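# Coordinate inspection notes
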Amino acid sequence: GPIIREGAKTIPPEKAELVSQAYATLESFLEGKDYFAGDHLTIADLCLASSLSTASSFIPIDKEKQPRLSAWLSRMQALPYYQEANQVGLDKLVGFIKSKLA
């Protein structure tokens, strides 16, 4: 928000740390299962894929600390409809935000 609305040029370290803490929490939700709501893909996964793909474009998921979360996002990105449903808009948003950071 501050980048788009207020002209901020960086992501404050304390905000990045909050995102990293959220990643750790989400990692724990995936313990013993492949998807957030159980053993199969649900709307919860699709919703989270959008948010996490955006966040990880700026604050990458640490594959060492969050291997389940990283693998889950890779599975989401491999879905046949992911490109059209999420990646096209994500690329536009990331490009827009990065232009504001330049």
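Residues numbered from 1 in each chain as written. Predicted model: local features only at pLDDT ≥ 70, side-chain atom pairs only at ≥ 80, totals over all residues. Heavy atoms only, no water.

Under an unreviewed UniProt entry, the chain has the name GST C-terminal domain-containing protein and belongs to Ignelater luminosus.

This paragraph deals with helix α4 (residues 67-77). Taken together, the buried positions of α4 are Leu69, Ser70, Trp72, Leu73 and Met76. In an axial view of α4, the angular spread of the buried residues amounts to 160°, which keeps them on one side of the axis. (Buried < 20%, exposed > 50% of the residue type's maximum accessible area, 1.4 Å probe, protein only. Helix = DSSP H or I, 4+ residues; strand = E, 2+ residues; numbered from the N terminus. Arc of directions from axis to C-beta.)

Let's shift gears to the packing of helix α2 (residues 13-29) against helix α3 (residues 43-58). α3 packs onto α2 with a crossing angle of 135° between their chain directions and a minimal axis gap of 11 Å. The orientation of α2 with respect to α3, classified from their angle, is oblique. Our pair here, α2 against α3, has a crossing hand that is left-handed. Residues Val19, Tyr23 and Leu26 of α2 form the contact with α3, whose own contacting residues are Leu52, Ala55 and Ser56. (Axes fitted to C-alpha atoms, helices over the stretch in contact; angles between N-to-C directions. Parallel < 35°, antiparallel > 145°, perpendicular 65-115°, else oblique. Left-handed = near helix turned anticlockwise from the far one by under 90°. Contact = heavy atoms within 4.5 Å.)

Tracing the chain through its elements places Gln66 in the loop between α3 and α4. Ignoring any residue separated from it by four or fewer positions in sequence, one finds Gln66 in contact with Ser20, Tyr23, Ala24, Glu27 and Ile61.

Before going further, it helps to examine α2. End to end, α2 covers 25 Å across 17 residues, agreeing with the expected 24 Å (1.5 Å per residue, within 8%). Within α2, the full set of buried residues consists of Tyr23, Leu26 and Glu27. The arc enclosing the buried residues of α2, seen along the axis, measures out at 105°, which places them on a common side. On its buried side, α2 packs onto α3 and α4. (Expected span 1.5 Å × (residues − 1).)

So, about the pattern of salt bridges. Inspection of the entire model under this criterion finds one salt bridge. The salt bridge involving Arg68 is made with Glu27; its shortest N-O contact spans 3.4 Å. Of this pair, Arg68 sits in helix α4 while Glu27 sits in helix α2, and the two are 41 residues apart along the sequence. Its relative accessible area of 34% is what places Arg68 among the partly exposed residues. (Salt bridge = Lys/Arg side-chain N within 4 Å of Asp/Glu carboxyl O.)

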